[in-house]
Amino acid sequence: MGLPDASGDLSSEMEVDAFRRLFPLRYFERHLSESIRPDARPLGRARDTTLALGAVASAHGSALAKIGSTTMLAAIKMEVMTPFNRVTGRRLHWPAEAAPVISKQLSDTISSSGMINLKELSLVSGKAAWMAYLDIYCLDADGALFDAALLSAVAAFSHLQIPIVSLNDDGKIELISEEDDGAKLEVEPVNKEKRKLTLSSIPFSLTCILHKNYILADPTAEEESIMETAVTVVLDSSSRLVSFYKPGGPVLAHTSAVQDCVALTRQRVKELQNILDETLSGMEID
Amino acid sequence: MVGLSLGEKHFIQGGIDQNLRSDGRKRDTYRPISVETGVIPQANGSARIRIGATEVIASVKAELGRPNALQPDKGKVSIFVDCSPVAEPMFEGRGGEELSTELSVALQRCLLGGKSGAGAGIDLSSLIVAEGKICWDLYIDGLVISSDGNLLDALGAAIKAALSNTGIPRVQVAAGASGDEQPEVDISDEEFMQFDTSGVPVIVTLTKVGRHYIVDATSEEESQMSSALSVSINRKGHICGLSKRGSAGLDPSVISDMISVARHISEQLINKLDSEISAAEADEDEM
Amino acid sequence: MASKGGAAPSTYTHAPTNKTRRPPFFPDSDVDWLRSDGRGFHQCRPAFFRTGAVNSAAGSAYAESGKTKVIVSVFGPKESKKAMMYSDTGRLNCNVSYTTFATTVRGHGSENKEFSTMLHKALEGAIVLESFPKTTVDVFALVLESGGSDLPVVISCASLALADAGITMYDLVAGASVSCLGRNLIIDPISEEESFQDGSLMITCMPCHYEVTQLTITGKWSTANLNEAMQLCLDACSKLAKIMRSCLKEAASASKD
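Rules used throughout
Residues numbered from 1 in each chain as written. Chains lettered and ligands numbered in written order. Predicted model: local features only at pLDDT ≥ 70, side-chain atom pairs only at ≥ 80, totals over all residues. UniProt positions renumbered as here; feature names shortened; annotations may be inferred. Helix = DSSP H or I, 4+ residues; strand = E, 2+ residues; numbered from the N terminus. Rg over C-alpha atoms; globule rule 2.2 N^0.38 Å. Buried ≥ 20, exposed ≤ 12 C-beta atoms within 10 Å, placed from the backbone. Contact = placed C-beta atoms within 7 Å. Pairing = 2+ DSSP bridges. Axes fitted to C-alpha atoms, helices over the stretch in contact; angles between N-to-C directions. Nonpolar A, V, L, I, M, F, W, Y, C, P; charged D, E, K, R; others polar. pLDDT = per-residue confidence, 0-100. Core = buried A, V, L, I, M, F, W, Y, C linked by C-beta atoms within 7 Å. Parallel < 35°, antiparallel > 145°, perpendicular 65-115°, else oblique. Left-handed = near helix turned anticlockwise from the far one by under 90°. Expected span 1.5 Å × (residues − 1).

- An unreviewed UniProt entry annotates chain B as Ribosomal RNA-processing protein 42 originating from Salix viminalis.
- In its Sequence similarities (unreviewed entry) section, the UniProt record describing chain B reads: "Belongs to the RNase PH family."

- As recorded by an unreviewed UniProt entry, chain A carries the name Ribosomal RNA-processing protein 43 and is attributed to Salix viminalis.
- UniProt lists a comment for chain A under the heading Sequence similarities (unreviewed entry), and it reads "Belongs to the RNase PH family."

Given below as structure tokens:
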């Protein structure tokens with residue numbers, strides 16, 4: 001800073017920055033009228049999205065999802081327990097780090113989408129079942145938290161490797177450690193075949209901001225703080241509507257706007273499905 | 001919190017520089033120490049220690065429990081210190097909580113040794129009654145009654161005294177229980193096992209004020225410290241734990257020097273404490 | 001467990017079992033044993049640092065040392081809470097937490113309650129608190145995965161995050177720990193080695209000033225062992241500080257381009 005020849009440019013830059021801070025709404029509206037956003041995205045485009053699987057070695061399944069700079073780390077730990085509801089049991093646990101609202105939305109979405117077949121978590125019918133503890137930590141918050149959290153959760157479940165267990169003489173479940181795998185086993189493992197969950201109809205989501213007649217897909221934290229009406233659409237991989245959230249806000253949406261949001265989400269689901277598939281196939285090659 | 005004027009601060013620092021502290025002591029002299037044992041009849045062992053105006057009580061309670069699955073041949077000891085606002089208004093709320101945790105952690109570090117149990121002042125395997133099934137859980141509680149500096153050393157000494165005052169009832173384990181069953185026990189009302197406290201270390205805190213370090217600092221002196229090292233040393237001269245307080249950094253050579261000074265002082269302190277403890281025990285027996 | 005009675009001891013404890021695993025070495029004998037990750041006794045795990053891991057923070061850093069993975073964000077300086085008295089020096093607020101999946105047994109990380117105060121003590125001496133009067137700097141550390149020597153890694157990473165946030169410091173703070181196992185001193189122990197250690201020593205220091213900001217010792221130590229361990233740690237700290245410094249330089253030159 002302070003180079004003499006750059007001072008002209010710098011002062012105009014400072015003015016833009018000051019304008020952005022002082023009149024954020026006008027700043028954004030000027031951009032929107034040109035159909036572009038301050039980060040150079042068109043209105044309907046989501047930020048770059050990346051997935052990394054197996055980020056946490058101490059968990060049985062884990063994934064790191066990044067949408068723009070929003071970063072979510074999800075990890076699943078499996079524990080054996082006696083099922084409390086007849087056949088199988090599963091509980092989702094959310095740490096206080098993620099907002100309770102998002103936690104509730106997420107557990108509702110995951111359970112209602114039917115992505116996980118709870119029967120697959122059963123080990124010995126009526127006696128033992130897997131408990132999957134899913135924990136999601138938000139490492140960096142920059143808008144669209146729910147989308148990133150759901151993506152990381154879904155990816156962690158697709159990465160999940162269920163540990164091999166065997167039934168010992170006392171009728172208790174014992175874990176077989178990884179290194180003994182392949183060695184001669186004294187006891188036959190109970191779940192040799194069932195080491196992966198079959199995920200059917202995976203849910204993906206897109207959050208849009210409604211402002212006047214504009215629809216902004218995948219908002220940043222700044223956009224979320226300035227324009228308050230958000231709509232989150234969750235569709236599964238065959239484009240069926242899983243859930244739809246519009247928690248109030250000053251903008252009352254026309255049905256056409258809702259349809260536009262759904263259409264944007266449908267595109268986004270294809271993108272996300274591709275990203276997940278590519279990441280998974282990348283894992284298999286390794 | 002001690003509020004001192006600039007003149008008072010200079011007086012304290014100058015006195016320490018000249019090896020003549022505000023209360024007439026030298027840098028390496030303790031205030032008078034007095035020990036009283038058996039002050040809490042409900043506890044298995046207890047002691048009250050006064051060092052100058054600092055006064056603390058330690059109590060030991062023993063209860064039968066189940067050993068940790070990962071260490072079936074060891075009993076459990078927990079140490080907790082309570083700094084009640086009775087001693088000082090500053091101890092109310094978070095300030096007291098933080099100090100309590102700090103003191104508890106420092107005492108655990110000094111008395112319980114490494115993960116494997118090496119260097120522990122209290123031999124955890126002597127607390128076992130039936131391996132993997134029954135053990136003694138020792139609950140050591142420290143209470144700060146009045147605070148005028150050097151709390152950690154006082155608490156360490158009080159715990160040492162309380163442990164030597166501790167009698168653990170002899171336990172008969174009924175034979176015949178097998179497998180996973182919990183055996184039945186018979187706790188004796190008359191026979192008590194005395195605790196071997198020869199290995200319990202003492203804690204010596206050296207407080208650095210200016211260029212010199214002093215033992216047994218008062219609150220006023222502590223307010224002028226740049227940093228302090230608390231070293232716990234047993235009779236054999238082994239270091240059993242160490243923690244540092246104060247924000248200022250220390251040169252490693254200074255640390256080594258402080259440790260060797262602490263070791264030298266600990267010999268005198270152990271002898272002094274032992275004679276005080278046995279005198280206190282004798283007093284108690286007479287009554 | 002299938003490895004019961006087997007000759008090769010497994011190095012990977014999967015989940016809580018009721019059996020104690022014996023250490024895969026012989027601490028009391030003179031027999032040479034190897035560390036389970038193949039390192040020499042006086043060899044640290046490779047360390048990796050990167051600044052700017054969290055966009056929304058004033059400064060942040062990510063550190064990886066073997067299986068130990070830590071992320072630290074620094075927020076502020078911002079106005080101190082109302083209840084605080086006026087102070088002409090800045091305040092430092094530190095918090096260390098573990099993810100629930102950080103340890104092999106779920107939720108065991110919460111045992112380390114004193115880490116927050118330890119982090120505070122280790123950093124306080126290195127920061128020029130006078131440079132931000134009346135305000136507070138928050139340091140939040142999250143242990144993503146615990147693989148042993150967690151606290152030294154957290155402290156080193158936090159000092160890097162502070163530097164990334166532009167907080168004025170006298171020097172970086174680097175941390176290292178040594179475990180005493182029988183007659184041997186091993187540096188930068190992994191969790192498994194920590195659980196069998198006879199004693200442990202942790203030093204955090206400002207390598208350029210050659211000053212120790214925090215020192216903790218547990219277990220039984222002779223003078224000779226103690227001096228050797230301290231020297232080992234100090235050497236490791238100064239090496240670590242070089243890596244941290246080069247990480248900062250890289251970040252600075254990258255942002256210039």
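Next comes the rest of the write-up.
**Some remarks on the overall build of chain B**
Phase 1: A count of helical and extended segments in chain B gives 5 helices and 12 strands.
Phase 2: Rg of the C-alpha trace for chain B: 20 Å, near the compact-globule value of 19 Å for 287 residues, within the 12% margin.
Phase 3: Along the longest, intermediate and shortest principal axes, the C-alpha atoms of chain B span 75 × 45 × 40 Å.
Phase 4: Looking at the 287 residues of chain B, the share that counts as buried comes to 44%.
Phase 5: Pairs at least 24 residues apart make up 67% of the contacts formed inside chain B by residues separated by at least 6 positions.

**Section: the overall build of chain A**
Phase 1: Of the regular secondary structure elements, chain A holds 6 helices and 11 strands.
Phase 2: For chain A, with 286 residues in total, the buried portion stands at 36%.
Phase 3: Counting only contacts in chain A whose residues sit at least 6 apart along the sequence, the fraction spanning at least 24 positions is 69%.

**Topic: the sheet that holds strand β4 (residues 91–98) of chain C**
Residue and element names in this part refer to chain C.
Phase 1: Taken together, the 5 strands give an open sheet; going across it, the order is β1-β2-β3-β5-β4, and neighbouring strands pair in mixed fashion. Either end of the sheet is taken by a strand with one partner, and the two such strands are β1 (47–51) and β4. Each adjacent strand pair in this sheet contributes to an overall mean axis angle of 15°, direction not counted.
Phase 2: Across 8 bridges, β4 lies against strand β5 (residues 135–145) in parallel orientation. Note on β5: the bridge partner recorded for Y98 is V143.
Phase 3: Sheet strands in contact with helix α1 (residues 115–124) are β4 and β5, and its direction is about 140° off that of β4.

**Considerations on the interface of chain C and chain B**
Phase 1: In this assembly, 33 residues from chain C lie in contact with 28 residues from chain B.
Phase 2: Counting only elements with at least two residues in the side of chain C that touches chain B, the list comes to α1, α3 (191–195), β8 (199–206), β9 (211–221) and α4 (223–256) of chain C.
Phase 3: Here the side of chain C that touches chain B gets 11 residues from one element, more than from any other, and that element is β9 of chain C.
Phase 4: The class makeup of the residues in the side of chain C that touches chain B is 10 nonpolar, 16 polar and 7 charged.
Phase 5: Pairing analysis gives 4 bridges linking strand β12 (residues 239–245) of chain B to β9 of chain C, with the strands arranged antiparallel.

**Structural notes on the UniProt feature "domain: Exoribonuclease phosphorolytic" (unreviewed entry) in chain B**
Phase 1: Residues annotated by UniProt as "domain: Exoribonuclease phosphorolytic" (unreviewed entry) correspond here to residues 30–169 and 199–263 of chain B.
Phase 2: Helix makes up 25% of residues 199–263 of chain B and strand makes up 40%, while its end C-alpha atoms are separated by 15 Å.

**Some points on the environment of D251 of chain B**
Phase 1: Here D251 of chain B is to be found in the loop between β12 and α5 (252–286).
Phase 2: Residue D251 of chain B is classed as partly exposed on the basis of its 13 C-beta neighbours within 10 Å.
Phase 3: For the pair formed by D251 of chain B and K26 of chain B, sequence separation is 225 residues and the distance between their alpha carbons is 24 Å.
Phase 4: Setting aside chain neighbours within four positions, we find D251 of chain B in contact with Y210 and E211 of chain C.

**A look at the confidence of the model for chain B**
Phase 1: Scored by pLDDT, chain B has a mean of 84; 94% of the residues are at 70 or more.
Phase 2: In the model output, the complex is listed with pTM 0.83 alongside ipTM 0.82.

**A closer look at the nonpolar core**
Phase 1: In terms of nonpolar packing, the biggest core is built from 215 residues, with A158 of chain B together with L119, V139 and V154 of chain C touching the most fellow members.
Phase 2: The contacts of L119 of chain C, once residues within four sequence positions are left out, are C94, V96, V139, A141, V154, I155 and A158 of chain C.

**Some points on unusual backbone geometry**
Phase 1: With omega at 5°, the peptide bond leading from G76 of chain C into P77 of chain C counts as cis.
Phase 2: Relative to the helices and strands, P77 of chain C resides in strand β3 (residues 68–79).
Phase 3: Even without being a glycine, S35 of chain A presents a positive backbone phi close to 55°.
Phase 4: S35 of chain A gets classed as exposed once you count the C-beta atoms within 10 Å, which come to 10.
Phase 5: Even without glycine at this site, N150 of chain B takes up a positive phi of about 55°.

**Regarding the pairing of strand β5 (residues 128–140) of chain A**
All names here are of chain A.
Phase 1: In terms of burial, β5 is a largely internal element, 10 of the 13 residues being buried.
Phase 2: In this structure, strand β3 (residues 70–81) lies alongside β5, joined through 11 bridges in antiparallel fashion. Within the sheet, the bridge partner assigned to I76 lies in β5 and is L134.

**Regarding the packing of helix α2 (residues 94–112) of chain B against helix α3 (residues 151–164) of chain B**
Each pair of packed helices gets described by two things: the angle between the helix axes and the distance between those axes.
Residue and element names in this part refer to chain B.
Phase 1: The contact between α2 and α3 brings their axes to 11 Å, and the two run at 50°. Accordingly, the angle class assigned to the pair α2 and α3 is oblique. The crossing of α2 and α3 is right-handed. Facing L103, A106, L107, C110 and L111 of α2, the residues of α3 in contact are L151, L152, L155, G156 and I159.
Phase 2: A class-by-class count of the residues in the contact of α2 with α3 yields 9 nonpolar, 1 polar and no charged.

**Examining helix α2 (residues 150–164) of chain C**
Phase 1: Taking 1.5 Å of rise per residue, the 15 residues of α2 of chain C would be expected to cover 21 Å, and the 21 Å separating its terminal C-alpha atoms lies within 8% of that figure.
Phase 2: The buried count for α2 of chain C comes to 15 of 15 residues, which makes it a mostly enclosed element.

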